[in-house]
Amino acid sequence: MSADHFSSAEHRAIPFDNSYARLPPAFYERAQAAPAPSPRILRINDALARQLQIDPAFLNSAAGLAILSGNSTAAGSEPIAQAYAGHQFGNFVPQLGDGRALLLGEVVAADGKRFDLQLKGSGPTRFSRRGDGRAALGPVIREYIVSEAMAALGIPTTRSLAAVLTGETVRRERMLPGAVLTRVASSHLRVGTFQYFAARGDVQNLRVLADYATARHYPAARSSPDPYLALFDAVVAALANLTARWMLVGFIHGVLNTDNTSIAGETIDYGPCAFMDAYDPGKVFSSIDQYGRYAFANQPAIMKWNMARLAEALLPLIADGGDKAVEAANASIARFNDHYEQAYVGGLRQKLGLSREMDGDLALGNELLAIMAESQVDFNLTFRRLSETADPNRDAEVRSLFVDPAAFDAWANRWRERLALEDGSAEARSAGMRRVNPLFIPRNHRIEAAIRDAENGRYETFNELMDVLAHPYDDRAEFAAYANAPVPEEEVQQTFCGT
Ligand code: AMP
Ligand code: MG
């Protein structure tokens, strides 16, 4: 067997097929992971490995652990730290980049889709600024849990392939175990990646990036009369949809900076994120979001703002690059609202068991949300219990959540009048509602418990939570307690970036 043959992708433990590392040097910095003194596997996502045509047995082996902890470079991997910029809490930072992450390379899944494999917490790079390049166990577990829960909910997201302990401690508010997450993403192209070149006036590389993004994510845009405008349109549609999906499950990203906005339309960079328990449109969890910029109800407007920043970056490539470009881009930005409304109202109808489209459905949903906010009822539990109304004996379960049951009764009467206009049996409607209203979401108090136990060397809590969240829509009696909202002493009010 020739050396060439031996190194071909099919014969590698991880079949790397890299494209980003072929882009001009301005896009990244080659880098190596810092060694981990005594690595240990925390969790490997065997099912995801198989989808990526990687043998899970390899990832679970000593050689696999060496790669996942950054102690060795896999055959075919070309580790790079990606350059990007971004608006952080509204302020533009012209250079951010992977300060604690490394793109190992790309793999092509069985279905032909290309994915990045990235180590997060793998040590410093040229982009680390004042950071240490490391990750603590807590944020790694949080990202693992929430990203995989998101995937199980059917919401576009990056995935988690592995979490390993490094055997090193990292200094945060206190000394904490260090860990590395292996993240899988359709790409790590961010709004901030476009801003990086735009801010430098580097139109040549901006075009290279836009062409690359189009080929990788929105190939249909290439045949449009204005391909860069078509690329922008496609990103706007994808992110409007994504934001609507978050709003329908009570998810708060927490740090919706432009560098944390993936142009592939996936949820990315899980930091101080959370699923709401009690419904409060103004809810903020993140300890660093002092002014509530990224509060739950602000997310659609913020995402639209982020799209305007992407439009600005793309302007030199659109139409004449001047007034016409501005006009066209503004029209595209304005369409964000239509895409968002369509996805949101459609999703809300499903949550309420409405299959026909009728005027007044959004108002009906909004009235429910208004009384939910007043009673501070649990967001997901309310919709889930509403799903059980085929069984009249279970009506009290949802009613009893409300501080003011009369307000619920008044709303429920209007809802039933509307349901009377629907076809299909009550049982079928309930089943349909259960498929969109999750029973199990990654509740903060459960995540905190998983982290706390893992910090003390007990991983069962994390592993069991992962089992529960893998099937968010299925009633499983043995896990019933996981559906519950936290009791007051369990409530988590704040989440931390932990960077
Ligand atoms: P994030 O909070 O993940 O959105 O990160 C924002 C920026 O800060 C990115 O450029 C990161 O690479 C960088 N960063 C975050 N944490 C660290 C760290 N511990 N060391 C170095 N850079 C970091
Ligand atoms: Mg980030």
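The structure reproduced in this document is the subject of the present report. Numbering of residues starts from 1 in every chain and runs along the sequence as written. Both sets of labels track the order of writing: A upward for chains, 1 upward for ligands. pLDDT decides what is reported in this predicted model: residues at 70 or higher carry local features, side-chain atom pairs at 80 or more are listed and counted, and totals for whole chains, interfaces and linings draw on all residues regardless. Only heavy atoms go into the side-chain values, all of them from the structure, while hydrogens and water stay out.

## Some points on the nonpolar core
Most often, soluble globular proteins have nonpolar side chains that are buried together.
So, step 1. Take the buried residues of types Ala, Val, Leu, Ile, Met, Phe, Trp, Tyr and Cys, join any two whose side-chain atoms come within 4.5 Å, and each joined set is a nonpolar core. Relative accessibility under 20% of the residue-type maximum defines a buried residue, over 50% an exposed one, and the middle range a partly exposed one, all with a 1.4 Å probe and only protein chains included. Membership of the largest hydrophobic core comes to 149 residues, with the highest contact counts inside it found for I14, Y20, L52, L117, F194, L386 and W411.
So, step 2. Every helix listed is a DSSP run of H or I at least four residues long, and every strand listed is a run of E at least two residues long, numbered separately from the N terminus. Sorting elements by how many residues they give to this core places helix α8 (residues 227–249) first, with 15 residues.
So, step 3. Note that the domain bounds were set by an automatic or database domain assignment. Formed jointly, this core draws a minimum of three residues from each of two domains, domain 1 (3–191) and domain 2 (352–434).
So, step 4. Those residues within four positions of L117 in sequence are excluded, and the remaining contacts are I14, F16, L52, I54, L102, L103, L104, G105, V107, L161, R183 and V184. Contact between two residues is taken to exist if any of their heavy atoms lie within 4.5 Å; hydrogens are not considered.

## A closer look at the packing of aromatic side chains
So, step 1. Stacked, tilted and edge-to-face pairs are distinguished by plane angle, under 30 degrees for stacked and over 60 for edge-to-face with tilted covering the rest, among Phe, Tyr and Trp rings (Trp via its six-membered ring) whose centres lie within 6.5 Å. One pass over the full model with this rule turns up 19 aromatic pairs.
So, step 2. An angle of 45° between the planes, with centres 4.5 Å apart, marks the rings of F27 and F197 as tilted. One end of the pair, F27, is in the loop between α1 (3–6) and β1 (28–30); the other, F197, is in helix α6 (residues 191–199), and 170 residues separate them in sequence. Summarising the burial analysis for this pair, F27 and F197 share the class buried.
So, step 3. Between F408 and W411 the ring centres are 6.2 Å apart and the planes differ by 40°, which places this aromatic pair in the tilted class. Here W411 and F408 lie together in helix α14 (residues 405–419), a separation of three residues that amounts to about one turn.

## Some words on the coordination of the magnesium ion (ligand 2)
So, step 1. Distances from the magnesium ion (ligand 2) to its protein donors, N260 (OD1) and D269 (OD), fall at 2.0 to 2.1 Å. Neither N260 nor D269 differs from the other in exposure class; each is buried. Coordinating N, O and S atoms are those within 2.8 Å of the metal (3.2 Å for Na, K and Ca), and as water is not part of the atoms, a site may appear to have fewer donors than expected.

## Thoughts on the site of ligand 1
So, step 1. What makes a residue near a molecule or strand is one non-hydrogen atom of that residue sitting within 4 Å of it. Around ligand 1 sit 18 residues in total, of which G97, G99, R100, G133 and N260 are the nearest.
So, step 2. Contact between ligand 1 and R100: an oxygen atom at 2.6 Å from a side-chain N or O atom of the residue.
So, step 3. The separation between a nitrogen atom of ligand 1 and a polar main-chain atom of G133 is 2.8 Å.
So, step 4. When ligand 1 is considered free in solution it has 480 Å² of accessible area, and contact with the protein chains removes 89% of it.
So, step 5. Residue composition of the shell around ligand 1, grouped by class: two nonpolar, eight polar and eight charged. Counting of polar contacts relies on pairs of N or O atoms within 3.5 Å, with two restrictions inside protein: one atom must be capable of donating a hydrogen and the other of accepting it, and residues adjacent in sequence are counted only when both atoms are side-chain atoms. Only the protein chains shown count as cover for residues, and the accessible areas themselves come from Shrake-Rupley with a 1.4 Å probe. Throughout this entry, Asp, Glu, Lys and Arg are counted as charged residues, while Ala, Val, Leu, Ile, Met, Phe, Trp, Tyr, Cys and Pro are counted as nonpolar. The remaining residues, Gly among them, count as polar.

## A look at the packing of helix α5 (residues 137–153) against helix α16 (residues 444–455)
So, step 1. Between the N-to-C directions of two axes lies an angle of 0 to 180 degrees, each axis being a line fitted to C-alpha atoms and, for a helix, fitted only over the stretch in contact. Packing of α5 against α16 leaves a shortest axis separation of 9 Å and a crossing angle of 135°. For the element pair α5 / α16, the angle class is oblique. Every pair of crossing elements has a handedness; the one defined by α5 and α16 is right-handed. In this structure, α5 contributes L137, G138, I141, R142, I145 and V146 to the contact, and α16 contributes N444, I447, E448, A450, I451, A454 and E455. Here the word oblique covers every angle except those under 35 degrees (roughly parallel), over 145 (roughly antiparallel) and from 65 to 115 (roughly perpendicular). Each crossing gets its hand from how the near helix is turned against the far one by less than a right angle, where anticlockwise is left-handed and clockwise is right-handed.

## Things to note about the pairing of strand β6 (residues 101–108)
So, step 1. Counting buried positions over the eight residues of β6 gives seven, a clear majority of the element.
So, step 2. In this analysis, strands are considered paired if DSSP registers two or more bridges between them. Summarising the sheet, β6 and strand β7 (residues 114–120) pair through seven bridges and their orientation is antiparallel. Residue pairing across strands places E106 opposite D116, the latter belonging to β7.
So, step 3. What sits between β6 and β7 in their antiparallel hairpin is a turn of five residues, with G112 showing a positive phi close to 90°.

## Thoughts on α8
So, step 1. Multiply 1.5 Å by the residue count of a helix minus one, and that product is the helix's expected span. The end-to-end C-alpha distance of α8, which contains 23 residues, comes to 34 Å, matching closely the 33 Å that a straight helix rising 1.5 Å per residue would cover.
So, step 2. Most of α8 is tucked away, with 17 of its 23 residues classed as buried.
So, step 3. Remark: G250 follows α8 within two positions and exhibits a positive phi of approximately 75°.

## Quick word on the side chain of S332
So, step 1. Along the chain, the position of S332 falls in helix α10 (residues 323–351).
So, step 2. When sequence neighbours within four positions are dropped, the list of residues in contact with S332 reads L229, F232, D233 and V236.

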